[in-house]
Amino acid sequence: MPEVRLIGPEGEQVGVVRTDDARKVAYEADLDLVEVAPKAKPPVVKIMDYGKYKYEQGQKAREARKNQQQTVVKEQKFRPKIDEHDYETKKGNVVRFLEKGSKVKVTIMFRGREQSRPELGFRLLERLADDVAEYGAIQTKPKQDGRNMTMVLAPIRKGKKK
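Residues numbered from 1 in each chain as written. Predicted model: local features only at pLDDT ≥ 70, side-chain atom pairs only at ≥ 80, totals over all residues. Heavy atoms only, no water.

A. How the structure looks around helix 4 (residues 118–131). End to end, helix 4 covers 20 Å across 14 residues, agreeing with the expected 20 Å (1.5 Å per residue, within 8%). By the burial criterion, the buried members of helix 4 are Gly121, Leu124, Leu125, Leu128 and Ala129. Take helix 4 and look down its axis: the buried residues cluster within an arc of 135°, on one side only. Of the surrounding secondary structure, the elements contacted by the buried residues of helix 4 are strand 5 (73–78), helix 3 (84–99), strand 6 (103–109), strand 7 (136–145) and strand 8 (148–155). (Helix = DSSP H or I, 4+ residues; strand = E, 2+ residues; numbered from the N terminus. Expected span 1.5 Å × (residues − 1). Buried < 20%, exposed > 50% of the residue type's maximum accessible area, 1.4 Å probe, protein only. Arc of directions from axis to C-beta. Contact = heavy atoms within 4.5 Å.)

See below:
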């Protein structure tokens, strides 16, 4: 490439110059010559401190990751013939998970003859969804897959915390 479009260290357009001249200008400024648009005619190069540029890009990426939210899916397992106290304990766990901002996968495990009564599991999941309605909403409706019936609850966002 005999000629390149040169952008100066302050972002100003220098114009179309020979490649050797661009290298010379960058060397005299004690900076790097970086190709920013190789497909352009002529290719675009910029005079910059490449190490500083890479460092700033890393800082921006880290900042973006810091502001990202991780969604965690917790699981709580039930049985169709669950005792009232056990139900309340597990419901408390579901509420705690939802309050912390995690999604909750609620699984009802059927064994033996219980498999012939999926409506028991469905009613239990509906009851749980009603009980925790102020903390979370149904994201995935109850569905049977083999010996298990699953439903996913997502937390209700109550505005941003400061």
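We are not done yet, so read on.
B. Expanded view of the environment of Gly136. As for its placement among the helices and strands, Gly136 is situated in strand 7. The residues touching Gly136, leaving out its near neighbours within four places in the chain, are Leu98, Ala154, Pro155 and Ile156.

C. Spotlight on the sheet that holds strand 3 (residues 32–37). Read from one edge to the other, the open sheet built from four strands follows the order 2-1-4-3, with strand pairing classed as mixed. Because the sheet does not close on itself, it has two edges, and the strands there are strand 2 (13–18) and strand 3. Averaged over all neighbouring strand pairs, the angle between strand axes comes to 35°, with direction disregarded. Sheet topology places strand 1 (residues 3–7) next to strand 2; five bridges connect them, and they run antiparallel. By the bridge assignment, Glu3 is partnered in strand 2 with Arg18. In the packing of helix 1 (residues 19–28) onto the sheet, the strands contacted are strand 1, strand 2, strand 3 and strand 4 (44–48), and the crossing angle to strand 2 comes to about 125°. (Pairing = 2+ DSSP bridges. Axes fitted to C-alpha atoms, helices over the stretch in contact; angles between N-to-C directions.)

D. A look at the UniProt feature "domain: Translation initiation factor 3 N-terminal" (unreviewed entry) in the chain. According to UniProt, the positions carrying the feature "domain: Translation initiation factor 3 N-terminal" (unreviewed entry) are residues 2–64. End C-alpha atoms of residues 2–64 are separated by 39 Å, and the span's content is 40% helix alongside 35% strand. (UniProt positions renumbered as here; feature names shortened; annotations may be inferred.)

E. A look at the pattern of salt bridges. Following the criterion strictly, the structure yields eight salt bridges and no others. Residue Arg18 is joined to Asp21 by a salt bridge in which the shortest nitrogen-to-oxygen separation is 3.7 Å. Residue Asp21 is classed as partly exposed on the basis of its relative accessible area of 32%. Across the pair Glu119 and Arg117 runs a salt bridge whose closest N-O atoms are separated by 2.6 Å. In this structure, a network of salt bridges that share partners links the residues Glu84, Arg127 and Asp131. (Salt bridge = Lys/Arg side-chain N within 4 Å of Asp/Glu carboxyl O.)

F. Up close: the pairing of strand 3. Summarising the sheet, strand 3 and strand 4 pair through five bridges and their orientation is antiparallel. Considered in strand 4, the bridge of Leu33 is made with Ile47. Connecting strand 3 to the antiparallel partner strand 4 that follows it, the hairpin turn spans six residues.

G. Up close: the environment of Gly101. With respect to the element layout, Gly101 can be found in the loop between helix 3 and strand 6. Between the alpha carbons of Gly101 and Thr140 there is a distance of 17 Å; along the sequence they are 39 residues apart. For Gly101, the contacting residues outside a window of four places in its chain are Pro155 and Arg157.

H. Quick look at the sheet that holds strand 8. Strands sit in the order 5-6-8-7 across an open sheet of four strands; the sheet is mixed. The open sheet has two edge strands with one neighbour each: strand 5 and strand 7. For this sheet, the mean angle separating the axes of adjacent strands, direction not counted, is 20°. Judged from the six bridges that link them, strand 5 and strand 6 form a sheet pairing that is parallel. Among the inter-strand pairings, Phe78 is bridged to a residue of strand 6, identified as Ile108. Sitting on the sheet, helix 3 is in contact with strand 5, strand 6, strand 7 and strand 8, with an inclination near 170° to strand 5. The strands touched by helix 4 are strand 5, strand 6, strand 7 and strand 8; relative to strand 8, the strand with the most contacts, the crossing angle is about 10°.

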